[in-house]
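Coordinates in review
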Amino acid sequence: MSSTSDTFKELTADQCNQVNQPIICLKELSEVSLLDNSQWNRGKEACQGLADTLRTAAIRNPVGSSGIIQTIAKLLKQATSAQHDLFKIQALRVLGNLCFDNDSNRQRVKESGINEIVSCYLESDNKDLVRTTCGFYLNSSMEYAPNQISIAQCGAAKGLLNLINPGREDDGSVTMAIKILDSVVGEEEARKLIADTTFVDKYLTMLESVIINKEYADLDILEQLTDTLLQVVMDDDALQNEIIDFGKLDLLLNFLDSSADILDTEDKERFEEIRRTVSKITVFACSTDSKMNELYNNQRILTRFMQMVQNDDEVIHQCATYALANLARSDDHCIELVEKYHLPDMLLDLYKSTENATFQYAILGCLKHLCLPVPNKSIIGKSECISILSPTLETSKDMLKRNQFLTIGIIKLLCTGNYDNCYKVIKTPIGRSTPFNLVLSFVNRVDDVAAKSEATRVLTNIVKAIWTQRSNNDIRKELINAHILEPMFELVRISTFPVLKNDGLMALTLIFADKELEAKDILGRALSLVNAAPPNAIVSEDVEVSDVQREQQLNPETRSFLTVLADDLVDASIPVQIKCNICLLLCKIVEAARLVQNQEVVDHVRSYVLEKLLSIHDNPALETYSGALIRSLQ
C-alpha cells in the first residue's frame, strides 16, 4: 500500500509496520462482496491489533486520515449476524480509540454513518458488544456536538436510555450510558429530540434506586443522573409536571432532607452540589401554572414546605422559599400564606440571616407576590418588612440592581392605598435616613429608566395616600420640601407607558389642588417646575442597560413638560382618560397660579395648549374636561 507512505510520514518505521498490515487487510476484505467465517476472523484479528496500536495518541490522526473509518463502516454494514459479534467488538475498539480526544476522527465517524449503523448493537444480548458500543459512543461524542446530535437523531439515545435500569447488572454499560446521555442533553438540539416523559420516568426510577440504596461510594452516577434530569426538565412544563404525576416529589424532598456518611472533603462538596441540583429540580417541578393549585391544596406538601423554610440547612430552606414563591401566585394563596402561615415573618428572618444576594433576590420575589393582595398590605406593613428591606437601596448596594428593583416594587405595593405604610416609609429611621429618603435618593441617582420609574411610583403612591387624608399638613410640607415634585414631573414628561404617566398626573393634581398648603412657600416651588426647561439627558455608563433605556439614550425626550402635555392632548395613541386627567391637572395648575398671582404660568399654559384644546371634537367626555380648561384660561 505504497499510497499510504505520505499519510504515515510522521510515524516511525515500527509504527508504520504496525498499522500498514491491518489497514491493507481490512481494505482488501471490504472489497469482497460476501465474506466467509475465516475472512471475518482475519478482519477481527486485524482490528484487534490496530485497536491496540491506536492506544498511542500520535498514531490516531494518520490512521484516521487513511480512509480506515470508511473501510470499517463498509464492513460493519455487511456484519449483520450475531456470528460477526467478535468482529464488531474489535471494529468498535478501533473506532473508539480513533475518536479519543480527536475531533477530526469524530467528524469522519459521523460522516461515514457509523452512529446509525451500530445503534442496534445496544439491543444485543451480547453484553460485551453492548459495553463496547457504549465505549465507542462515549469516545465519539464527548464535547463534540455533531455526534451528540447524531446519537439523538439515529435512535442510539433511546437504546442508551433502555440500559438505565436499576435491575440491570452494571458491567460498565449503565455507567457509560448515563455519562453519554449527560453529555448529549447538554446540546440543546439533541436534548429536544430525546426529552420526553419516558426519559424523565427512567431517570427518576434510576435516581430513586441510587438514593434508597445510598449508593454514594462513587458520586459520578448520582451527579450525572441529577445533572441530566435538571437539563431535561428545566425548560419544559410538561416534563416538570411529570415529576409530580410520577409521584416522585417526595423522593426529591427526602433526598434533600437526608445525609450521607462521606468523609472525603472533596466528595462532601460534590454531594452538597448534588443536593443543590436536586433542589433546582424540585423548584422546577413546583413551578408550572397547571400544578400550582394541586400542590398548594395538598396540605401535607404545603406543611412540609413551611417546615422546610424554618430549617437551618441552607439548601432546604432555599428550596422551600423558591417553591413557595411559585405557589404564591394567586391572591387566595397569598392571603392564606400571610394570615394563616405568617410566611412573611419567616422570609424576613431568612433575609436577615443570609448575605447570599441571589437567595435574597428569591426572598424579595416571594415577598412581592405576598404584597399584592389588599388585605396583606397592612399585615406585612405592621412587620419590620419596610425597615429590614429599605437598606438595600443604599448607595453601597447599587451593584445589587435586581434586588434594589424588587425592594422598590415591594415598598410601592405596600404604599398603594395604605396610609399607615406610607407613614412608616416617611418616618421610620434607617440609620440617619428613612425609607422615603432612600427611595428619593435612589430616584435621583439611578439612570435605568425602569428602575427610576418604579421608584417614582413609590412617591406617587405616597402622595395619593397622604393627600387623601386630612390634618397632615406637616407631612405634606415635609414631602414637598424634600423635592418630591421633580421626579413626578419627569415621570409625566418622559414616560411612554400610560399607566406610569397617569400615576404622575394624579399625584400632581392632588398637590396642585391642595388649598391647605401655604401658597407662597409650597405652590410657588411647584409652579416653577411647570415652566422649567427639560433636564439634560443622562447617558448611562453601564453596558448592561435595558432596551428601553438604550432607546431613550439614542432618542431622549427633549420636549418640555408643557409641550408633552399639549402634544398628548391630540395624540391618538393616548387614552382618553389620560387626556381628561391632563386637562384636570392643567386646570389645577392654573387655579394655583392665580392663587399666588403667577400670571406667567397661566400665560404659558394658554400658549401651549389653547390651540390644541380648540381642535378637540367628537368626544363628549374629553370635551367636558377640555371645555373646563378653556374656561379657566380665559
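Now for a description of the structure that goes with this document. Counting of residues starts from 1 at the beginning of each chain's written sequence and follows it residue by residue. In keeping with the predicted nature of the model, local features appear solely for residues at pLDDT of at least 70, side-chain atom pairs appear and are counted solely at 80 or more, and the whole-chain, interface and lining totals rest on all residues. To obtain the side-chain values, all non-hydrogen atoms of the structure were included, while hydrogens and water were left out.

1. Focus: the overall build of the chain
Each helix is a run of H or I in the DSSP string that is no shorter than four residues. Each strand is a run of E no shorter than two, and both are numbered from the N terminus. When its secondary structure is counted, the chain shows 38 helices and 0 strands. Within these notes, the globule rule equals 2.2 Å times the number of residues to the 0.38 power, and the radius of gyration is based on C-alpha atoms. Over its C-alpha atoms the chain spans a radius of gyration of 36 Å, topping by over 25% the 26 Å that the globule rule assigns to 634 residues. Along the first, second and third principal axes, the C-alpha atoms of the chain reach 115 × 55 × 45 Å. Burial here depends on accessible area, computed with a 1.4 Å probe over protein chains only, as a share of the maximum for the residue type. Under 20% is buried, over 50% is exposed, and the range in between is partly exposed. Classification of the 634 residues of the chain by burial places 53% in the buried group. When contacts within the chain are restricted to residue pairs at least 6 apart in sequence, long-range pairs at least 24 apart make up 70% of them. Computed with a 1.4 Å probe, the accessible areas rest on the Shrake-Rupley method; for each residue, only the protein chains presented here act as cover. Summed over all atoms, the accessible surface of the chain reaches about 28,800 Å², with 48% contributed by carbon and sulfur. Here a residue-residue contact requires only that any non-hydrogen atoms of the pair lie within 4.5 Å.

2. Regarding the nonpolar core
For our purposes a nonpolar core is just a set of buried Ala, Val, Leu, Ile, Met, Phe, Trp, Tyr and Cys residues, chained together by side-chain atoms within 4.5 Å. If you look at the biggest cluster of nonpolar residues, it comprises 213 residues, and the most contacted ones within it are Leu370 and Phe512. At 11 residues, helix 36 (residues 576-595) tops the list of elements feeding residues into this core. Apart from residues no more than four positions distant in its own chain, Phe512 is found in contact with Phe489, Leu523, Ala526, Leu527, Val530, Leu585, Lys588, Ile589 and Ala592.

3. Brief notes about the pattern of salt bridges
A pair is scored as a salt bridge if a Lys or Arg side-chain nitrogen falls within 4 Å of a carboxyl oxygen belonging to Asp or Glu. Counted according to the given criterion, the structure contains 34 salt bridges. Salt-bridge contacts for Glu294 lead to Lys291; the nearest nitrogen and oxygen are separated by 3.0 Å. Note that Glu294 and Lys291 are positioned in helix 18 (residues 289-296) at a spacing of 3 residues, about one turn of the helix. We classify Glu294 as partly exposed; its relative accessible area is 42%. For Lys612, the salt bridge identified is with Asp567, shortest N-O distance 2.4 Å. Placement of Lys612 in helix 37 (residues 599-614) and of Asp567 in helix 35 (residues 561-569) is noted, with a sequence separation of 45 residues between them. A single network of salt bridges, built from pairs that share partners, joins Asp220, Glu223, Asp267 and Arg270.

4. Regarding the environment of Gly155
Inspection of the secondary structure puts Gly155 in the loop between helix 9 (145-154) and helix 10 (156-163). On a C-alpha basis, the gap between Gly155 and His342 in space is 52 Å, while along the polypeptide they are 187 residues apart.

5. Examining the packing of helix 36 against helix 38 (residues 620-633)
Two quantities define a packed helix pair, namely the angle between the helix axes and the distance between the axes. Put simply, helix 36 and helix 38 touch, their axes get as near as 9 Å, and they point 15° apart. By the angle between their directions, the pair helix 36 and helix 38 is classed as roughly parallel. For the crossing formed where helix 36 meets helix 38, the hand is left-handed. Across the interface between the two elements, Val576, Lys579, Cys580, Cys583, Leu584, Leu586, Cys587, Val590 and Arg594 of helix 36 pack against Ala621, Leu622, Tyr625, Ser626, Ala628, Leu629, Ser632 and Leu633 of helix 38. Lines fitted to C-alpha atoms define the axes, with helix axes restricted to the stretch in contact, and inter-axis angles between N-to-C directions lie between 0 and 180 degrees. We call two directions roughly parallel when the angle between them is under 35 degrees, roughly antiparallel when it is over 145, roughly perpendicular when it lies between 65 and 115, and oblique otherwise. In this scheme, a crossing is called left-handed if the near helix is turned counterclockwise away from the far one by less than a right angle; it is called right-handed if the turn is clockwise.

6. Topic: helix 14 (residues 219-233)
In a helix, the anticipated span is given by 1.5 Å times the number of residues less one. Compared with the 21 Å implied by 1.5 Å per residue over 15 residues, the 21 Å span of helix 14 between its first and last C-alpha is a close match. Those residues of helix 14 lying buried are Leu219, Ile221, Leu222, Gln224, Leu225, Thr226, Thr228, Leu229, Leu230, Val232 and Val233. Polar contact is the term for a pair of N or O atoms within 3.5 Å; when the atoms are in protein, one must be able to donate a hydrogen and the other to accept it, and sequence-neighboring residues count only if both atoms are side-chain atoms. With a side-chain oxygen lying 3.0 Å from the backbone nitrogen of Asp220, the N-terminal cap of helix 14 falls on Asp218.

7. A closer look at unusual backbone geometry
The backbone phi angle of Glu143 is positive, close to 55°, even though this residue is not glycine. Within the secondary structure, Glu143 sits in the loop between helix 8 (127-141) and helix 9. For Glu143, a relative accessible area of 76% gives the class exposed.

Read these as spatial facts, not as claims about activity.
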